[in-house]
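Per-entry structural report
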Amino acid sequence: MTRTLRRTFLETLEQLRTQHRRRLPFLAPALERRRPRIAAEDYAARHSIEHTLDRKAELRRLAPTWPPAARRYHELLSYELEGLREMAKALHSVTEGRELEEAVAEARVQIERLEIEIAWCADLLDRAVPRVVAR
């Protein structure tokens with residue numbers, strides 16, 4: 001009987017221990033504490049990127065017929081190209097080996113694509129004739 005009583009007492013004690021244990025936030029690992037903030041930042045970044053891509057696509061669609069859109073599109077492409085070139089430069093100081101070669105090759109392809117798009121947009125701007133407003 002004592003054995004059964006002891007076992008019951010230990011089981012009850014274990015249940016009380018697990019039910020009343022509070023997880024203190026400062027005891028959680030750093031990543032666990034930051035998880036909600038990381039999720040919020042991830043959502044915001046994704047939303048911002050989607051908005052930028054939508055805006056860029058809209059400007060590209062309008063560029064052939066509307067010079068202000070072509071100017072803004074050219075400006076955005078120039079910023080993107082400048083950032084990509086800076087990233088390619090930074091890669092050389094951060095990594096080496098196969099990863100570097102792959103990243104630089106990918107950046108080179110993107111730079112060429114942006115340069116072609118910028119040239120197309122610059123050509124649109126050169127050919128744009130200021131519109132005369134008829135009254």
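Here, every reference points to the structure presented above.
Read on for an overview of the structure. Quantities reported herein were computed from a predicted structural model and do not represent experimental measurements. (Residues numbered from 1 in each chain as written. Predicted model: local features only at pLDDT ≥ 70, side-chain atom pairs only at ≥ 80, totals over all residues. Heavy atoms only, no water.)

With that out of the way, let us pick up the packing of aromatic side chains. Under the counting rule described, the total for this entry stands at one aromatic pair. Taken together, a centroid distance of 6.4 Å and an interplanar angle of 85 degrees make the contact between Tyr-73 and Trp-120 edge-to-face. Separated by 47 residues along the polypeptide, Tyr-73 in helix α3 (residues 67-94) and Trp-120 in helix α4 (residues 98-127) bring together distant segments of the chain. Using a relative accessible area of 3% as the deciding quantity, one classes Tyr-73 as buried. Owing to a relative accessible area of 26%, Trp-120 belongs among the partly exposed residues under this scheme. Note that Arg-60 overlies the ring of Trp-120, its terminal NZ or CZ placed 4.4 Å from the centroid. (Phe/Tyr/Trp six-rings, centres within 6.5 Å; stacked < 30°, edge-to-face > 60°. Helix = DSSP H or I, 4+ residues; strand = E, 2+ residues; numbered from the N terminus. Buried < 20%, exposed > 50% of the residue type's maximum accessible area, 1.4 Å probe, protein only. Lys NZ or Arg CZ within 6 Å of the ring centre and 35° of its normal.)

Turning our attention to α4. When the terminal C-alpha atoms of α4 are compared, their 44 Å separation across 30 residues agrees well with the 44 Å that a helix rising 1.5 Å per residue should span. Listed in full, the buried residues belonging to α4 are Leu-100, Val-104, Ala-107, Ile-111, Leu-114, Glu-117, Ile-118, Cys-121 and Leu-124. (Expected span 1.5 Å × (residues − 1).)

Quick look at the nonpolar core now. General note: in soluble globular proteins, nonpolar side chains tend to be found buried as a group. Grouped together as the largest cluster of nonpolar side chains are 15 residues, with contacts concentrated most on Tyr-73, Leu-77, Leu-81, Leu-84 and Leu-114. The greatest single-element share of this core, amounting to seven residues, is contributed by α3. In contact with Leu-84, other than residues within four places in its own chain, are Ala-107, Gln-110, Ile-111 and Leu-114. (Core = buried A, V, L, I, M, F, W, Y, C linked by side-chain atoms within 4.5 Å. Contact = heavy atoms within 4.5 Å.)

Tallying each qualifying case throughout the model produces ten salt bridges. Between Glu-115 and Arg-85 there is a salt bridge whose closest N-O contact spans 2.5 Å. With Glu-115 in helix α4 and Arg-85 in helix α3, this pair connects stretches of sequence that are 30 residues apart. Through salt bridges with shared partners, one network takes in Lys-56, Glu-80 and Arg-113. (Salt bridge = Lys/Arg side-chain N within 4 Å of Asp/Glu carboxyl O.)

This part covers the packing of α3 against α4. As a packed pair, α3 and α4 sit with axes 9 Å apart at the nearest point and diverge in direction by 160 degrees. Judged by the angle between their axes, α3 and α4 are roughly antiparallel. By crossing handedness, the relation of α3 to α4 is classed as left-handed. (Axes fitted to C-alpha atoms, helices over the stretch in contact; angles between N-to-C directions. Parallel < 35°, antiparallel > 145°, perpendicular 65-115°, else oblique. Left-handed = near helix turned anticlockwise from the far one by under 90°.)

Next up on the list: α3. Along its 28 residues, α3 runs 40 Å from first to last C-alpha, staying within 8% of the 40 Å computed at 1.5 Å per residue. Turning to α3, its buried residues are Ala-69, Ala-70, Tyr-73, Leu-77, Leu-81, Leu-84, Ala-88 and Leu-91.

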